Amino acid sequence: MRRNSKRIKIRDISIGGNAPISVQSMTSTDTRDVKATIKQIKALEKAGCEIIRVAVPDMEAAKKLKEIRKSTKTPLVADIHYDYRLAIKAVDAGFDKIRINPGNISKPAKIKEIVDACKSRNIPIRVGVNMGSIAPKYLEKYGGPTPEGLVESALDHIKLLEALNFTNIVIAVKSSDVDMMIKANEIIADKIPYPLHLGVTEAGPPPEGIVKSAIGIGILLRKGIGDTIRVSLTADPVLEVKIGFEILKSLDIRKKGVNIISCPTCGRIEIDLLSIVEEVKERTKDIETPLNIAVMGCVVNGPGEARNADVGLAGGKGVGIIFKKGEIIKKVKENELVDALMEEIIKIVSEKNAKKTKNV
Ligand code: SF4
């Protein structure tokens with residue numbers, strides 16, 4: 001069962017309180033380069049990214065936020081460290097959420113200025129504590145970075161906001177250590193009512209970073225913990241969005257686009273399955289309708305093994321078959337297999353869309 005959390009609104013997206021688990025990412029461009037940043041925001045939007053974070057390292061970057069804001073309707077988050085003036089600037093520019101750790105702002109009056117600005121536009125603050133930003137007193141208390149230190153650091157930041165009567169909060173406790181990230185989220189989930197943003201920070205390049213993220217985020221989601229996710233990869237952020245949705249799809253939490261079920265191949269294979277899978281993947285990449293497509297190596301076990309697929313193909317010697325829900329519907333020449341499969345896919349997508357329109 002999903003953890004019960006407070007619902008926080010960020011522009012037209014809700015986080016927590018049973019809202020769909022959203023997928024977010026962060027631009028990797030220099031924010032001062034508005035053109036490059038907007039280009040990346042557009043690419044992220046195209047991939048389905050629902051919340052986009054932008055780093056604001058200095059005042060020069062902060063001054064560009066207004067122009068960046070104008071380019072998109074997607075909720076934007078300003079990622080800020082230490083300098084309260086950058087947060088105020090981001091709020092004024094129309095950004096929809098501020099990520100800042102209030103404990104890192106030296107004067108209480110400055111924290112109040114940020115809080116007042118966020119209150120005036122009713123926008124949330126995300127407190128995000130990473131393994132590298134655990135307060136020194138907790139490093140000392142626990143003899144190094146620990147899940148408990150992560151949690152206690154985050155709770156200190158939260159208390160500062162709550163003392164100012166501010167509860168429009170999202171929390172993240174992240175670590176590059178998967179086990180630490182899981183434990184920290186498990187601990188904090190029972191202590192606060194706020195929604196949780198999940199991620200394995202600095203997870204590294206693919207495929208290692210993908211595996212770490214899928215395990216860390218996946219285990220927590222399976223336990224009902226987590227309200228929004230960000231996969232952090234040393235790669236194009238568009239890939240982070242794709243992996244984020246794949247994690248949600250694998251757990252049957254959100255259905256979006258096609259799910260390809262393909263066999264690992266074995267000694268029975270008589271076709272070039274790898275090329276066929278790549279072609280099917282490419283030709284279905286823009287389909288948004290949830291659809292299970294099986295691409296199996298042989299007719300011996302293929303259709304039966306992929307009984308739950310909406311549609312599929314199975315290769316053979318010279319000929320192959322097209323099947324629906326495990327039942328064979330037609331036999332075609334091997335070189336016509338993908339075209340025949342695509343014909344069925346288009347039919348099913350139109351049927352599903354027509355049904356959806358009827359039910360609206
Ligand atoms: S579907 Fe056929 S080719 Fe693929 S792994 Fe199973 S038996 Fe082997």
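Just so you know, the residues in each chain are numbered from 1, in the order the chain's sequence is written. Only residues with pLDDT of 70 or above have their local features reported here, since the model is predicted, and side-chain atom pairs are shown and tallied only from 80 upward, although totals for entire chains, interfaces and linings are computed over all residues.

### Notes on the overall build of the chain
To keep things clear, this is the line we draw: Secondary structure elements follow DSSP: runs of H or I of four or more residues count as helices, runs of E of two or more count as strands, with numbering from the N terminus. With C-beta atoms placed from the backbone, a residue counts as buried when 20 or more other C-beta atoms lie within 10 Å of its own, as exposed when 12 or fewer do, and as partly exposed for counts between those limits. Once C-beta atoms have been placed from the backbone, residue pairs whose C-beta atoms lie within 7 Å are recorded as contacts.
Along the chain, the regular secondary structure elements total 13 helices and 15 strands. Counting across all 360 residues of the chain, residues that qualify as buried make up 43%. Of all intrachain contacts in the chain linking residues separated by at least 6 positions in sequence, the fraction that spans at least 24 positions is 61%.

### Overview of helix 4 (residues 84-92)
Residues of helix 4 that are buried: Tyr84, Leu86, Ala87, Lys89, Ala90 and Val91. Looking at the residues trailing helix 4, positive phi occurs at Gly94, about 95°.

### Observations concerning the domain arrangement of the chain
Applicable threshold: How far each domain reaches was decided by an automatic or database domain assignment.
The domain architecture assigned to the chain consists of domain 1 (8-250) and domain 2 (258-359). A C-alpha centroid distance of 39 Å is found between domain 1 and domain 2.

### Section: the sheet that holds strand 12 (residues 291-296)
Rules: What makes two strands pair is DSSP finding at least two bridges between them. In this description, a line fitted to the C-alpha atoms serves as the axis of each element, helices being fitted only across the stretch in contact, and the angle between N-to-C directions of two axes falls anywhere from 0 to 180 degrees.
The strand order across the open sheet formed by five strands is 11-12-13-14-15, and the pairing between neighbours is mixed. The two strands at the open ends of the sheet, each matched to only one other strand, are strand 11 (258-262) and strand 15 (327-333). Between one strand axis and the next, the sheet turns by 20° as a mean value, whatever way the strands run. Relative to strand 14 (residues 319-324), strand 13 (residues 311-314) is paired through three bridges, and the arrangement is antiparallel. By the bridge assignment, Ala314 is partnered in strand 14 with Ile321. Taken strand by strand, helix 11 (residues 273-283) contacts strand 11 and strand 12, and its axis lies near 160° from that of strand 12.

### A look at the site of the ligand
Rules: Throughout this description, a residue near a molecule or strand is one whose C-beta atom, derived from the backbone, lies within 6 Å of it. In this classification, Asp, Glu, Lys and Arg are treated as charged, Ala, Val, Leu, Ile, Met, Phe, Trp, Tyr, Cys and Pro as nonpolar, and every other residue, Gly included, as polar.
Taken together, 13 residues sit near the ligand, with Cys263, Cys266, Gly297, Cys298 and Asn301 positioned nearest. Of the residues in the shell around the ligand, the class split is seven nonpolar, four polar and two charged.

### With respect to unusual backbone geometry
Each neighbour pair has its own omega, and for Pro206 with Pro207 the value is 0°, a cis peptide bond. With respect to the element layout, Pro207 can be found in the loop between strand 9 (197-198) and helix 9 (208-222). Of note, the phi angle at Thr265 is positive, near 70°, even though the residue is not glycine. Within the secondary structure layout, Thr265 lies in the loop between strand 11 and helix 11. By C-beta crowding, Thr265 is classed as partly exposed, having 16 other C-beta atoms within 10 Å. In the Ramachandran plot, Lys325 falls in the positive-phi region, its phi being about 45° despite a non-glycine side chain.

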